[in-house]
Amino acid sequence: MTPAYAAGLFDGEGCVYVSLSRKSMCYYPVASIGMTVKAKPILLAFKETFGGRVRMFRAATEKWSEAWTWRTDGKEAAAFLEAVLPFLNLKTEQAKLVLKLQEI
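Residues numbered from 1 in each chain as written. Predicted model: local features only at pLDDT ≥ 70, side-chain atom pairs only at ≥ 80, totals over all residues. Heavy atoms only, no water.

A. Local environment of the sheet that holds strand β1 (residues 14–20). Strand order across the open sheet formed by 4 strands is β1-β2-β4-β3, with antiparallel pairing between neighbours. The sheet terminates laterally at β1 and β3 (53–58), the two strands that pair on one side only. Strand-to-strand twist in this sheet, taken as the mean axis angle between neighbours without regard to direction, amounts to 30°. Pairing between β1 and strand β2 (residues 27–36): 7 bridges, direction antiparallel. The partner of Val 16 across the bridge, within β2, is Ala 31. Set on the sheet, helix α2 (residues 40–50) makes contact with β2, β3 and β4 (67–73); between it and β4 the angle comes to about 15°. (Pairing = 2+ DSSP bridges. Helix = DSSP H or I, 4+ residues; strand = E, 2+ residues; numbered from the N terminus. Axes fitted to C-alpha atoms, helices over the stretch in contact; angles between N-to-C directions. Contact = heavy atoms within 4.5 Å.)

Structure below.
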């Protein structure tokens, strides 16, 4: 998976935010993508390329398909964001802010 391809998916389906560790009371970056089970191979490719973990987010119901998420955090999330940053369109500013926080 190339950073450009990952950035396109992340722009459309991803989420970047800052979370607070209850143990250390430190803030850390988080990057995640949620997709239906049809796209699970893509999420596994994210894990293979950028680390993180893939897990079921929601079981299938009468209304909704099974959903899965890829998530990475901390230094691994920062490395992912740095790799895709040059290719982002919609989440550029959010990624920059999260990376700036990681520097601090």
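After that view, the rundown keeps rolling.
B. Seen up close, the packing of aromatic side chains. Tallying each qualifying case throughout the model produces 6 aromatic pairs. Relative to Phe 80, the ring of Phe 10 has its centre 5.2 Å away and its plane inclined at 80°; by these criteria the two rings are edge-to-face. With Phe 10 in helix α1 (residues 3–13) and Phe 80 in helix α3 (residues 74–84), the pair connects residues that are 70 residues apart, well separated along the chain. Accessibility classification places Phe 10 together with Phe 80 in one group, the buried group. Aromatic pair Phe 46 and Trp 70: ring centres 5.0 Å apart, planes at 45°, arrangement tilted. Of this pair, Phe 46 sits in helix α2 while Trp 70 sits in strand β4, and the two are 24 residues apart along the sequence. Of the residues examined, Trp 70 reaches a relative accessible area of 0% and is grouped as buried. Joined through ring pairs, the aromatic side chains of Phe 10, Phe 46, Phe 50, Trp 70 and Phe 80 make up one cluster. (Phe/Tyr/Trp six-rings, centres within 6.5 Å; stacked < 30°, edge-to-face > 60°. Buried < 20%, exposed > 50% of the residue type's maximum accessible area, 1.4 Å probe, protein only.)

C. The arrangement of the environment of Glu 76 in detail. Take Glu 76: it is sitting in helix α3. For Glu 76, a relative accessible area of 37% corresponds to the partly exposed category. Each C-alpha atom of the pair Glu 76 and Gly 51 lies 7.0 Å from the other, and the pair is 25 residues apart in sequence. For Glu 76, the side chain forms a polar contact with the side chain of Thr 72, separated by 2.9 Å. (Polar contact = N/O pair within 3.5 Å; in protein donor to acceptor, adjacent residues only side chain to side chain.)

D. Layout of the side chain of Lys 91. When you line up the elements, Lys 91 lands in the loop between α3 and α4 (92–103). Despite its burial, Lys 91 remains without a salt bridge, the nearest opposite charge being carried by Asp 11 at 5.0 Å. A polar atom in the side chain of Lys 91 sits 3.4 Å from the backbone oxygen of Phe 10. Filtering out sequence-adjacent residues up to four positions away, Lys 91 remains in contact with Phe 10, Asp 11, Gly 12, Gly 14 and Cys 15. (Lys, Arg positive; Asp, Glu negative; His and termini not counted. Salt bridge = Lys/Arg side-chain N within 4 Å of Asp/Glu carboxyl O.)

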